Amino acid sequence: MLTKKQYQLLLLIRDRMNRDGVAPSFDEMKDALQLKSKSGIHRLIGSLEERGFLRRLPHKARALEVLKLPDSASDRPASGFAPNIISGNFGISGATAKTSSPVETVELPLYGKIAAGTPIEALRNPLEHIGVPAGLLGTGEHYALTIDGDSMIDAGINDGDTVLIKRCDTAENGSIVVALVDNEEATLKRLRRKGESIALEPANKSYETRIFGPDRVKVQGKLVGLYRRY
């Protein structure tokens, strides 16, 4: 299924080429889709190419070819798009999750699985993105990660879930954060400050709380939502 933005961009390119014989510029695409930067257009075009809807012609500026349009319900964006969003604040002050009405989707980079021993920067894969309701996100930069493991199941975060993270370097005590330990190990845990020490608490009694000095832990983001497919 195409996301709403993918579908809108494909129709925009088709209509402009039928009218003018040339695709709109990236700036025109960005403005038409109300995106903040052209990088979002690059990602959408890449996704449409991968799905076989669009082709970029080499050695020509603004040369795009629409190969096909969605011809079945499985390819069109759902008019009432409503992914399974797990509501709740996960112990985070101010976190929100709205699912009651269809909203515009936002393309977030899906960096991969968060697992012990993997720096968060190594997870980046700009070819993968996930569309989430814009109303689920606040201001700032966000990204998504896939959970690998069961250390946070008592907080309602299961193996295979996709968590939505707001990029930040500080977080309130008790927040669930992406923490980088010793610049090597990335993990999703609840942050507790105890004097000069930082505790990373799991939400599963089978795992132990780990305590570190303040210079060993860097916050790389805070949990703001959870996306689950059934």
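No experiment lies behind these values; they were computed from the predicted model shown.

**Remarks on the pattern of salt bridges**
Reasoning step 1: If you walk through the whole model with that rule in mind, you get 10 salt bridges.
Reasoning step 2: The closest approach of N and O atoms between aspartate 15 and arginine 14, which form a salt bridge, is 2.5 Å.
Reasoning step 3: Notably, a salt bridge pairs aspartate 27 with lysine 38, separated by 3.9 Å at the nearest N-O pair. Taken together, the residues aspartate 27 in helix α2 (residues 26–32) and lysine 38 in helix α3 (residues 38–50) connect sequence positions 11 residues apart.
Reasoning step 4: Under the relative-accessibility criterion, aspartate 27 is labelled partly exposed at 40%.
Reasoning step 5: In this structure lysine 38 comes out as partly exposed when scored by relative accessible area, which is 37%.

**Details of α3**
Reasoning step 1: The terminal C-alpha atoms of α3 lie 19 Å apart, and with 13 residues this matches the ideal 18 Å at 1.5 Å per residue to within 8%.
Reasoning step 2: Every buried residue belonging to α3 is among Gly40, Ile41, Leu44, Ile45, Gly46, Ser47 and Leu48, and all of these are buried.
Reasoning step 3: Within two residues after α3, glycine 52 carries a phi angle of roughly 85°, on the positive side.

**Regarding the pairing of strand β8 (residues 185–194)**
Every regular strand shows the same layout, with side chains that alternate between the two sheet faces.
Reasoning step 1: For β8, the tally of buried residues reaches seven of 10 residues, placing the bulk of the element in the interior.
Reasoning step 2: Bridge analysis of strand β7 (residues 176–181) against β8 gives six bridges, and the strand direction is antiparallel. Its bridge partner being in β8, isoleucine 176 is matched across the sheet by arginine 190.
Reasoning step 3: Here β7 folds back onto β8, and the loop between the two strands holds three residues, one of which, aspartate 182, carries a positive phi near 55°.
Reasoning step 4: Pairing of β8 with strand β9 (residues 197–201) involves five bridges; the strand directions are antiparallel. Across the sheet, arginine 193 pairs through a bridge with isoleucine 198, a residue of β9.
Reasoning step 5: Where β8 folds back onto β9 in an antiparallel hairpin, the turn is made up of two residues, including glycine 195, whose phi is positive at roughly 65°.

**What to know about the sheet that holds β9**
Reasoning step 1: Strands sit in the order β4-β3-β5-β6-β11-β7-β8-β9-β10 across an open sheet of nine strands; the sheet is mixed. In the strand order of this sheet, the two ends are held by β4 (129–133) and β10 (210–212), each with one partner. Averaged over neighbouring strand pairs, the angle between their axes works out to 45° when direction is ignored.
Reasoning step 2: Note that strand β6 (residues 162–166) and strand β11 (residues 217–227) share five bridges and pair antiparallel. Among the inter-strand pairings, valine 163 is bridged to a residue of β11, identified as leucine 226.

**Here's the deal with the nonpolar core**
Reasoning step 1: One finds Leu145, Ile157, Val163, Ile165 and Leu188 to be the most contacted residues of the largest nonpolar core, which totals 18 residues.
Reasoning step 2: Elements with a minimum of two residues in this core: β3 (105–114), β5 (142–147), β6, β7, β8 and β11.
Reasoning step 3: Here isoleucine 165 is in contact with Glu141, His142, Tyr143, Leu145, Val178, Leu188, Gly221, Lys222, Leu223 and Val224, once residues within four sequence places are set aside.
Reasoning step 4: Counting residues in each nonpolar core, the second largest holds 15 residues, with Leu9, Leu10, Leu48 and Leu54 among its members.

**Things to note about unusual backbone geometry**
Reasoning step 1: Of note in this structure, glutamine 34 is not a glycine but carries a positive phi near 60°.
Reasoning step 2: Among the structural elements, glutamine 34 can be located in the loop between α2 and α3.
Reasoning step 3: One non-glycine residue, aspartate 182, lies in positive phi territory at about 55°.
Reasoning step 4: With respect to the secondary-structure elements, aspartate 182 resides in the loop between β7 and β8.

**Examining the environment of threonine 187**
Reasoning step 1: For threonine 187, the location among the structural elements is in strand β8.
Reasoning step 2: Residues threonine 187 and valine 219, 32 residues apart in the sequence, show an inter-C-alpha distance of 10.0 Å.
Reasoning step 3: Ignoring sequence-local partners within four residues, the contact set of threonine 187 consists of Ile114, Val177, Val178, Ala179 and Leu200.
Reasoning step 4: Engagement of the side chain of threonine 187 in a polar contact is seen with the side chain of lysine 189, the distance being 2.8 Å.

Criteria and cut-off values
- Residues numbered from 1 in each chain as written.
- Predicted model: local features only at pLDDT ≥ 70, side-chain atom pairs only at ≥ 80, totals over all residues.
- Heavy atoms only, no water.
- Salt bridge = Lys/Arg side-chain N within 4 Å of Asp/Glu carboxyl O.
- Helix = DSSP H or I, 4+ residues; strand = E, 2+ residues; numbered from the N terminus.
- Buried < 20%, exposed > 50% of the residue type's maximum accessible area, 1.4 Å probe, protein only.
- Expected span 1.5 Å × (residues − 1).
- Pairing = 2+ DSSP bridges.
- Axes fitted to C-alpha atoms, helices over the stretch in contact; angles between N-to-C directions.
- Core = buried A, V, L, I, M, F, W, Y, C linked by side-chain atoms within 4.5 Å.
- Contact = heavy atoms within 4.5 Å.
- Polar contact = N/O pair within 3.5 Å; in protein donor to acceptor, adjacent residues only side chain to side chain.

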